[in-house]
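Below, each chain spelled out in residue letters.
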Amino acid sequence: MLYIIGLGLGDEKDITLRGLEAVKKSQKIYMEAYTSLLSFGLSSDGLSNLEKFYGKPITLADREMVEEKAGSMIEEAVDNDISFLVVGDPFGATTHSDLVVRAKKLGVKVEVVHNASVMNAVGICGLQLYHYGETVSIPFFTETWRPDSFYEKIKKNRALGLHTLCLLDIRVKEPTFESLCRGGKKQYEPPRYMSVNTAIEQLLEVEEKRGESVYGEETECVGFARLGAEDQKIVSGTMKQLESVDFGAPLHCLVIVGKTHPVEEEMLEFYKYDAAT
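This text gives an overview of the structure that appears in the document. (Residues numbered from 1 in each chain as written. Predicted model: local features only at pLDDT ≥ 70, side-chain atom pairs only at ≥ 80, totals over all residues. Heavy atoms only, no water.)

**What to know about the sheet that holds strand 3 (residues 59-61)**
At step 1: If you trace the five strands from one edge of the open sheet to the other, you get 3-2-4-1-5, paired in parallel fashion. A strand with exactly one partner marks an edge of an open sheet, and here the two such strands are strand 3 and strand 5 (110-113). Neighbour-to-neighbour, the strand axes of the sheet open up by a mean angle of 25°, direction not taken into account.
At step 2: As paired elements, strand 1 (residues 2-6) and strand 5 share four bridges and run parallel to each other. Following the sheet pairing, I5 is matched in strand 5 by V113.
At step 3: The strands that helix 5 (residues 97-105) touches are strand 1, strand 4 (82-86) and strand 5; relative to strand 1, the one it contacts most, it runs at about 165°. (Pairing = 2+ DSSP bridges. Helix = DSSP H or I, 4+ residues; strand = E, 2+ residues; numbered from the N terminus. Axes fitted to C-alpha atoms, helices over the stretch in contact; angles between N-to-C directions. Contact = heavy atoms within 4.5 Å.)

This is the structure:
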């Protein structure tokens, strides 16, 4: 059996009882480590916290392993119980459909254990989830690559009065350009996590370039940091206001607010930007 288990957003204790039972009976445990990390996973002792709590050794599965060597993990699940741990929900912001399809084609049983994801946890700010349009991803700009495909999606959402969840770029174990050109052993860039501030800066740059008045400095947004953790931070305000806020450590995400209901507005007031704080 291959168990694909969501860990939630906070720490090692956010796993469900059903997920924990699956981990306890698994012969081998892998943990995805390339799309997002738990709040404690950003520190050096993150994995040991998991291992202590679950009472099992865990193999870190980076992007290369999951994309290139997933076959061996699936083969292990033919005769053993194998757990693959995923931050958030297995079918939340990043889906693992390919893993499920490959396992089923080999006749391996798959059981998915769901958990909280950024896709539903943003509801804490009071904006109703069924008032959201298409989710967009904001990638880090480079000197030569400044994509703006997200602009059209935000435009459509705002035309319909819908909120837009912006998932911000995470760069973990990205090969350096030099090592890709050279071939051989790969060298990797330091991890990078986009902040709300950088996201707004890039969004405004694209608006200035496109000039269609889809949004601007006075557009209402909600910035989030470390959703689900004890020290999560949520601030509601204009793009200009949020650009000056120190949201602290990753992970961050941003919501561009659409047309609001009075109940949503009442809830947002609790998170309103305060220049003094």
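**Concerning the pattern of salt bridges**
For side chains bearing opposite charge, pairing can occur when the charged atoms are close.
At step 1: Enumeration according to the criterion identifies 13 salt bridges in this entry.
At step 2: Residue R18 is joined to E111 by a salt bridge in which the shortest nitrogen-to-oxygen separation is 3.3 Å. In this pair, R18 is assigned in helix 1 (residues 17-25) and E111 in strand 5, connecting sequence segments 93 residues apart.
At step 3: On the basis of relative accessible area, E111 is assigned to the partly exposed category, the value being 24%.
At step 4: Where D148 meets K209, a salt bridge forms, and the shortest distance between an N and an O atom there is 3.2 Å. On the criterion of sequence distance, the pair formed by D148 in the loop between strand 6 (136-138) and helix 7 (150-159) and K209 in helix 9 (residues 196-210) is long-range, its members being 61 residues apart.
At step 5: The buried category is assigned to D148, whose relative accessible area is 18%. (Salt bridge = Lys/Arg side-chain N within 4 Å of Asp/Glu carboxyl O. Buried < 20%, exposed > 50% of the residue type's maximum accessible area, 1.4 Å probe, protein only.)

**Concerning the packing of helix 4 (residues 70-79) against helix 5**
At step 1: Relative orientation of the contacting elements helix 4 and helix 5 amounts to 50°, with a least axis distance of 10 Å. For the element pair helix 4 / helix 5, the angle class is oblique. Helix 4 and helix 5 meet at a crossing whose hand is right-handed. In this structure, helix 4 uses A70, G71, M73 and I74 to contact helix 5, whose residues at the interface are L99, R102 and A103. (Parallel < 35°, antiparallel > 145°, perpendicular 65-115°, else oblique. Left-handed = near helix turned anticlockwise from the far one by under 90°.)

**Some thoughts on the nonpolar core**
At step 1: Ranked by internal contacts, the top residues of the largest apolar core, which has 27 residues, are F150, L203 and Y215.
At step 2: At the level of secondary structure, the elements contributing two or more residues to this core comprise strand 6, helix 7, strand 7 (164-168), helix 9, strand 10 (220-225), helix 10 (239-242) and strand 12 (252-256).
At step 3: Broken down by element, the residue count for this core peaks at six residues, all from helix 9.
At step 4: The next biggest cluster of nonpolar side chains, apart from the first, holds 19 residues, and it includes V66, A70, M73 and F84. (Core = buried A, V, L, I, M, F, W, Y, C linked by side-chain atoms within 4.5 Å.)

**Topic: helix 1**
At step 1: Within the sequence span of helix 1, burial applies to G19, L20, A22 and V23. Buried residues of helix 1, viewed axially, fall in a sector of 160°; they line one side. Residues of helix 1 that are exposed and point over 90 degrees away from its buried face: L17 and E21. (Arc of directions from axis to C-beta.)

**Topic: the sheet that holds strand 12**
At step 1: The strand order 6-7-12-10-11 describes an open sheet built from five strands, whose pairing is mixed. Both outer strands of the open sheet, strand 6 and strand 11 (233-238), are each paired with one neighbouring strand and no more. Each neighbouring strand pair of the sheet contributes to a mean axis angle of 25°, computed without reference to strand direction.
At step 2: Pairing geometry for strand 7 and strand 12, over four bridges, is antiparallel. Each bridged residue has a counterpart across the sheet, and for T164 the counterpart in strand 12 is I256.

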